[in-house]
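# Fold and contact review
If you want the building blocks of each chain, they are given just below.
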Amino acid sequence: MSTANAVPVSLAEIARIAGVGRAAVSNWRRRHDSFPSRIGGTDVSPQFSLAEVEQWLRDNDKLKDVGGREFLWPRFEALGSRDESGLAIAEAARRMRAPRSRTTAPGLPADAGELIGDAARLGRSEGPRKTFDFLLQRWLDTHVRQLSTTPPRLASLMARIALATRLGEVDQGLTVFDPACGTGHLPAAAAEEYDGPRLVLLGCERDPALSALASARLAFVTEGSDVRTEIATADALRDDPFPGGQADIALCNPPFNERDWGYEELATDRRWTHGLPPRTEPELAWVQHLLAHLSPGGTAVTVLPPAVASRKAGRRIRASLLRTGLLRAVIALPPGSAQPHSVSLQLWVLRAAPEGSAAGPVGQDLLLIDASRFGKTGTREPGPEWEELTNFVLSVVGELDQPGRALPDGAMRVSLLDLLDDEVDLTPGRYTVSSPEASEVELAASWEALAETLTELGNVTRHLVKLDFADDEPRTTATVGDLVKAGVLTLRAGQQPAESSMRHGDMSVPLLTIPDLLMDGTPTGLVGPETAHTVAEEGDVVVVGVVRAFKAWVHEGPPMALGPQLYALRVDPDKLDAHFLAGCLRAPANGRQAGTHASSSSRVDIKRLNVLQLPLDEQTLYAESFRRLTVFEQSLTTATQLGKGLVNEVTDRLSAGGLASGSGGRR
């Protein structure tokens, strides 16, 4: 492992290798003089030699049951670029399966050979597929912001929809096609879901590293089975490697919003049987590409952004897909189902006419399914409740060819005559009822919740109205900067985490950003718990450093990482009350005087914010009033939301003639 001597690792990486938290590594570094010296980085984010760290961990019995795979990843990451590390992982996977191979894939640096050999030997020792899956996942996590992958649960759902809706038998086997396969999530899901004779997996990916990783993944998935796999490295739209190919199933998660997709050079392409896709509608080019590769009765399921269903530029192509009966269903997914996680993506289900049949009749219905209500609520990590979502969607698409059957709430068959208007808007939420009418019990509970909120609002109002403001001279104030210099509080600025720190999973820390605050205040990002970032602990005061979202509050609950323009202030409790500080800081006048006033996105200079100078016992009195004012604001917001919901629900019932005889009369 001579090449590992130059490989740097961070404290977070050491913690992961040793299977402990970062705090434990920091403790080792302080307590043990023999801990390796820093070879790079900064005092805040030091780096150490992987070889020296490994030796120290072994000498001090700190490795526990960690396998050798943890030592491999830093070496792959040290290769440099995303492409080089990806190609090296794919080559190592090939060597795991073909031990006698000594050729090296093109595009790899000269010093990658020893690492690839070490990885192949370790894989054969600890399990080839486990080793490859580990390295692939670490690679995907590291480059998560540069890549758009299809989550396994979504890939599985798409494969099951396609298998359930295609027409014809599979006696002669099944061909699955993905023209933008990335690292192979969708073909892998199809292979795992299909239970039948001969399977052919055809894929295309223009990125050489992704293509190589897809081939490696599918080689493991299909090992020992009657499956033929072919992954081509090419731009499927510009240089189709499978022209005229006939697939029984097509699955695709195409790149979104790409303007340079080949509009000029492909203007006369014969795939555009429903019209030349506008330059701004590359997704409709991918839809027609999929249809051009379907065999009679074959089904295509593709992920699309919601705007494709309604943008004016694509209405002619959407209308043609409806008239020909090729578009069979549109399914709205909950936000968080796939990247971009903030958007409610859609699945389009398309099916070619069976052999010998004509295009679908004009009177055919389109199945619209709004499954957006199956998103998680009240959790740190956004995304669907996958089991409920999958069961609901599969139960509805199972009725695709049963036009006379009733559908559950959230699904609807819409006549083409109703869809073929000037807009041809196929957004499911426009037509479906996504949630059932509230029951009498639920309605009564809402009224009771509103009454309780109004009571709380009245109680806190009675306290606040008694506040007596004296006309004395203004009190002395100090700036946050002054308090920091005096040691009364510490100020830490949030930052954008490095790509390698972005994580998913139960052990992650939620990441709060300015866009989150402008939505509903729920953190949507996640970072690894052991990575270097500013974390607000319970009792810290969090301040927003942007004029348009300026606010300050005392953080309550589990630790939370802070993004750019967010600040954590930690007080000395013997000198300063956190709630008093937050109340002073969030005063609108404070934000105005400390802002740059250039625009609504201008920054607030946190160090210029003013704080009253009061003894601690007086701070407590002010803090209690600030707390009550916060409760007043929260109760007011809750009452408004509950009231609007009740107004809408009761109005719907009244307008439908739902008033019982004698209800609401004089008493």
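Placed above this text is the structure.
Before going into details, it helps to say that this report is about the structure given with it. (Residues numbered from 1 in each chain as written. Predicted model: local features only at pLDDT ≥ 70, side-chain atom pairs only at ≥ 80, totals over all residues. Heavy atoms only, no water.)

## Side note on the overall build of the protein chain
As a reminder, the rule being used: By definition, any uninterrupted DSSP run of H or I lasting at least four residues is a helix, any uninterrupted run of E lasting at least two residues is a strand, and each is numbered from the N terminus. Note on classification: 1.4 Å probe, protein chains only; a residue is buried when its accessible area is under 20% of the maximum for its type, exposed when over 50%, partly exposed between these limits. Contact between two residues is taken to exist if any of their heavy atoms lie within 4.5 Å; hydrogens are not considered. Shrake-Rupley sampling with a 1.4 Å probe provides the accessible areas, and residues are treated as covered by the protein chains on show and by no other component.
Looking only at helices and strands, the protein chain has 20 helices and 22 strands in total. A total of 667 residues make up the protein chain; the buried ones form 48% of that total. For the protein chain, long-range pairs separated by at least 24 residues make up 73% of all intrachain contacts whose partners lie at least 6 apart in sequence. Entry remark: accessible area of the protein chain is about 32,500 Å², with carbon and sulfur atoms responsible for 50%.

## Let's talk about the sheet that holds strand S20 (residues 560–562)
Selection criterion: Think of it this way: DSSP has to see at least two bridges between two strands before they count as a pair.
If you trace the four strands from one edge of the open sheet to the other, you get S16-S15-S20-S17, paired in mixed fashion. For this open sheet the edge positions go to strand S16 (525–527) and strand S17 (535–536), each flanked by a neighbour on one side alone.

## Details of the environment of Ala15
With respect to the element layout, Ala15 can be found in helix H1 (residues 11–18). The buried category is assigned to Ala15, whose relative accessible area is 1%. C-alpha separation for the pair Ala15 and Ser26, spaced eleven residues apart in sequence, amounts to 9.2 Å.

## Observations concerning the sheet that holds strand S2 (residues 40–41)
With antiparallel pairing, the three strands of this open sheet are ordered in space as S1-S3-S2. Sheet topology places strand S1 (8–10) and S2 at the edges, where each strand pairs with a single neighbour. As judged from the three bridges shared by S1 and strand S3 (residues 46–49), these two strands associate in the antiparallel manner. From the neighbouring strand, Ser10 faces S3, where its bridge partner is Gln47.

## Topic: the environment of Ala587
Residue placement: Ala587 occurs in the loop between helix H18 (578–585) and helix H19 (588–594). With relative accessibility at 29%, the residue Ala587 sits in the partly exposed group. Sequence spacing of Ala587 and Ala552 is 35 residues, and the spatial spacing of their C-alpha atoms is 8.7 Å.

## Looking at the pattern of salt bridges
Test applied: Think of a salt bridge as a Lys or Arg side-chain nitrogen and an Asp or Glu carboxyl oxygen that are within 4 Å of each other.
Inspection of every chain in the model, using the stated rule, returns 31 salt bridges. Between Glu13 and Arg16 there is a salt bridge; the shortest N-O distance is 3.1 Å. Note that Glu13 and Arg16 are positioned in helix H1 at a spacing of three residues, about one turn of the helix. Of the residues examined, Glu13 reaches a relative accessible area of 8% and is grouped as buried. Between Arg228 and Glu230 there is a salt bridge, and its shortest N-O distance comes to 3.5 Å. Taking relative accessible area as the criterion, Arg228 reaches 45% and is therefore assigned partly exposed. Three or more residues are tied together by salt bridges with common partners; here these are Glu13, Arg16, Glu70 and Arg138.

## Re unusual backbone geometry
Cis peptide bonds are those with omega within 30 degrees of zero, and the linkage from Gln339 to Pro340 qualifies with -5°. Along the chain, Pro340 falls in the loop between strand S9 (327–332) and strand S10 (346–351). For Asn257, which is not glycine, the phi torsion reads 55° and is therefore positive. If you trace the backbone, Asn257 turns up in the loop between strand S7 (247–252) and helix H11 (282–292). According to the relative accessible area criterion, Asn257 is exposed, its value standing at 53%.

## Observations concerning the pairing of strand S8 (residues 294–304)
For clarity, the cut-off: We call a crossover right-handed when, viewed with the strands running away from us, the connection from the first strand over the helix to the second turns clockwise.
Counting buried positions along S8 yields ten of eleven residues, so the element is predominantly enclosed. Following the chain from S7 across H11 to the adjacent parallel S8, one finds a crossover that is right-handed. Here S8 pairs with S10 via six bridges, running antiparallel. By the bridge assignment for S10, Val303 is matched with Leu347.

## Points about the nonpolar core
Put simply, the rule is: We define the nonpolar core as a collection of buried residues of types Ala, Val, Leu, Ile, Met, Phe, Trp, Tyr and Cys that are connected through side-chain atoms lying within 4.5 Å of one another.
Of all hydrophobic cores here, the largest spans 47 residues; its most connected members are Ile161, Leu251, Ile331, Leu347 and Val393. Not counting residues within four places of it along the chain, the set of residues in contact with Leu251 comprises Met158, Ala159, Ala162, Val176, Phe177, Asp178, Pro179, Leu186, Ala190 and Val301. In terms of nonpolar packing, the next biggest core, distinct from the first, is built from 45 residues, Trp286, Leu322, Leu327 and Trp348 among them.

## With respect to the environment of Ala188
As for its placement among the helices and strands, Ala188 is situated in helix H9 (residues 185–193). Assessed through its relative accessible area of 5%, Ala188 is described here as buried. Put simply, Ala188 and Thr222 are 34 residues apart on the chain and 8.3 Å apart in space, counted from C-alpha to C-alpha. Ignoring anything within four residues of it in the chain, the contact list for Ala188 reads Arg217, Leu218 and Val221.

## Focus on the packing of aromatic side chains
The condition is simple: In this scheme Phe, Tyr and Trp rings, the latter by its six-membered ring, pair at centre separations within 6.5 Å, and the angle between planes marks the pair as stacked below 30 degrees, edge-to-face above 60, and tilted otherwise. By definition here, charges over rings are those cases where NZ of Lys or CZ of Arg is within 6 Å of the ring centre and within 35 degrees of the ring normal.
Inspection of every chain in the model, using the stated rule, returns nine aromatic pairs. Measuring from ring centre to ring centre gives 5.8 Å for Trp28 and Trp56, while their planes differ by 45°; the resulting arrangement is tilted. One end of the pair, Trp28, is in helix H2 (residues 22–31); the other, Trp56, is in helix H3 (residues 50–59), and 28 residues separate them in sequence. The exposure classification of Trp28 matches that of Trp56, with both residues buried. Relative to Phe242, the ring of Phe177 lies with its centre 6.1 Å away and its plane at 85°, an arrangement referred to as edge-to-face. With Phe177 in strand S4 (residues 174–178) and Phe242 in the loop between strand S6 (227–232) and S7, the pair connects residues that are 65 residues apart, well separated along the chain. Take Phe177 and Phe242: they sit in the same class, and that class is buried. The side chain of Arg97 reaches across the aromatic face of Phe220, ending 5.9 Å from its centre.

As far as function goes, none of this settles anything; it's purely spatial.
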